[in-house]
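Breakdown of the fold
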Amino acid sequence: FGSSPALESKRAGHSRSPRLPLSFAKMDSNAPKLAKVEKVLGRTGSRGGVIQVRVQFMYETSPELAGRSLIRNVKGPIREGDILALLETEREARRLR
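In this text, all values refer to a predicted model and were calculated from it rather than measured experimentally.

Turning to the overall build of the protein chain, a few remarks are in order. For the protein chain, the helix and strand inventory stands at one helix and four strands. Reading the helices (α) and strands (β) of the protein chain from amino to carboxyl end gives α-β-β-β-β. Pairs at least 24 residues apart make up 47% of the contacts formed inside the protein chain by residues separated by at least 6 positions.

The structure is reproduced here in C-alpha cells:
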C-alpha cells in the first residue's frame, strides 16, 4: 500500500505538540483523581463480587482533595497500597452491615 508524505509525517509524530509533564499540563476537571487504598473493609454485593475500601486522595492529581478519605466500592482484585483512578469524587459508598 502506498502512503502519502503527510500520513508518514503524522505517524512519525512530527505534527503532534510536545508532551508536557503532568505538573505542567493544564488540569482538567474531568481528569481522573488518584487515590491510594488505605484499608480493605470487606466484601459486599449479593455474591461478594464487590470489595469495600477506604481510599485517601493523593496530592499529585488533586491538591484540593489531598488527604481527604472516602469509602468506595471496587469491583475486581484490590489490596492495600493500590492506587485507584476515580472519575467521580463526591459520592461515598454506604458502610457494610
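Okay, back to it.
Here strand β4 (residues 83-86) shows a clear split, with Leu84 and Leu86 buried on one side and none of Ile83 and Ala85 buried on the other. Relative to β4, strand β1 (residues 33-44) runs antiparallel, the two being bridged by four bridges. Across the sheet, residue Lys36 finds its bridge partner in β4, namely Ile83.

Let us look at the sheet that holds β1. If you trace the four strands from one edge of the open sheet to the other, you get β3-β2-β1-β4, paired in antiparallel fashion. Each edge of the open sheet is held by one strand with a lone partner, namely β3 (69-75) and β4. Pairwise comparison of adjacent strand axes, ignoring direction, gives a mean angle of 45° for this sheet. The pairing of strand β2 (residues 50-57) with β3 spans seven bridges and is antiparallel. Residue pairing for β3: Val55 is matched across the bridge by Leu70.

In this fold, Gln52 is placed in strand β2. Given a relative accessible area of 2%, Gln52 falls into the buried group. One polar contact links Gln52 to Asn73, side chain to side chain, over a distance of 3.1 Å. Look past the residues within four positions of Gln52 in its chain and what remains in contact with it is Val40, Leu41, Gly42, Ile71, Arg72, Asn73, Ala93, Arg94, Arg95 and Leu96.

Opposite charge on two side chains lets them pair, provided their charged atoms get close. Enumeration according to the criterion identifies three salt bridges in this entry. A salt bridge links Glu88 to Arg72; its shortest N-O distance comes to 4.0 Å. Residue Glu88 is located in the segment after β4, and its partner Arg72 is located in strand β3; the two are separated by 16 residues in the primary sequence. With relative accessibility at 26%, the residue Glu88 sits in the partly exposed group. For Arg72, a relative accessible area of 15% puts it in the buried group. Taking the shortest distance from any N to any O, the salt bridge between Arg91 and Glu88 comes out at 3.8 Å.

Scoring rules and cut-offs
- Residues numbered from 1 in each chain as written.
- Predicted model: local features only at pLDDT ≥ 70, side-chain atom pairs only at ≥ 80, totals over all residues.
- Heavy atoms only, no water.
- Helix = DSSP H or I, 4+ residues; strand = E, 2+ residues; numbered from the N terminus.
- Contact = heavy atoms within 4.5 Å.
- Buried < 20%, exposed > 50% of the residue type's maximum accessible area, 1.4 Å probe, protein only.
- Pairing = 2+ DSSP bridges.
- Axes fitted to C-alpha atoms, helices over the stretch in contact; angles between N-to-C directions.
- Polar contact = N/O pair within 3.5 Å; in protein donor to acceptor, adjacent residues only side chain to side chain.
- Salt bridge = Lys/Arg side-chain N within 4 Å of Asp/Glu carboxyl O.

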